[in-house]
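# Observations on the three-dimensional arrangement
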Amino acid sequence: QVQLVESGGGLVQAGGSLRLSCAASGSIFRDNAMGWYRQAPGKQRELVASITSRSSTNYIDSVKGRFTISRDNAKNTVYLEMNDLKPDDTAVYYCNSVIRAKLAIGGWGQGTQVTVSS
């Protein structure tokens, strides 16, 4: 049973902000790099941001300066702060451990829908 629960999505106007949360089971979260992924209609899922167990972060170019990934190791939770949202950010957002996603091990959570209107 996959234990990844994403929340915090919604409908916002362009320029708005949202904060996503992902609660993961300890076996998925502990000591692993975690990532936020997104999948827009008709497109493949892509890795948007990642954070190592020591909180080193990485972002795709299109979100640099607008999104911030963070983690709370005590709560097994990873966050994605999204500012200055654009219509192109519209997608279902998922979290997962980077290694699980890369090796296609296990499943995914239900994701959280982010819709940005122009």
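Scroll up a little and you will see the structure.
Here's what I pulled together on the structure shown here.

In space, the four strands of this open sheet follow the order β1-β3-β8-β7, with antiparallel pairing throughout. Each end of this open sheet is capped by a strand with a single partner; those strands are β1 (4-7) and β7 (67-72). Between one strand and the next, the sheet's axes are offset by a mean angle of 15°, whatever the strand orientation. Here β1 pairs with strand β3 (residues 18-24) via four bridges, running antiparallel. By the bridge assignment, Ser7 is partnered in β3 with Ser21.

Turning our eyes to something else, we now look at the pattern of salt bridges. Under the counting rule described, the total for this entry stands at six salt bridges. Where Glu81 meets Arg19, a salt bridge forms, and the shortest distance between an N and an O atom there is 3.7 Å. Here the residue Glu81 occupies a position in strand β8 (residues 77-82), and Arg19 occupies one in strand β3, the gap between them amounting to 62 residues. According to the relative accessible area criterion, Arg19 is partly exposed, its value standing at 45%. Measuring nitrogen to oxygen at the nearest pair gives 2.8 Å for the salt bridge that ties Asp89 to Arg66. On the criterion of sequence distance, the pair formed by Asp89 in the loop between β8 and β9 (91-97) and Arg66 in the loop between β6 (57-59) and β7 is long-range, its members being 23 residues apart. Arg66 matches Asp89 in its accessibility class, with the two residues each being buried. A single salt-bridge network, built from bridges that share partners, covers Arg38, Glu46, Arg66 and Asp89.

About the criteria used
Residues numbered from 1 in each chain as written. Predicted model: local features only at pLDDT ≥ 70, side-chain atom pairs only at ≥ 80, totals over all residues. Heavy atoms only, no water. Pairing = 2+ DSSP bridges. Helix = DSSP H or I, 4+ residues; strand = E, 2+ residues; numbered from the N terminus. Axes fitted to C-alpha atoms, helices over the stretch in contact; angles between N-to-C directions. Salt bridge = Lys/Arg side-chain N within 4 Å of Asp/Glu carboxyl O. Buried < 20%, exposed > 50% of the residue type's maximum accessible area, 1.4 Å probe, protein only.

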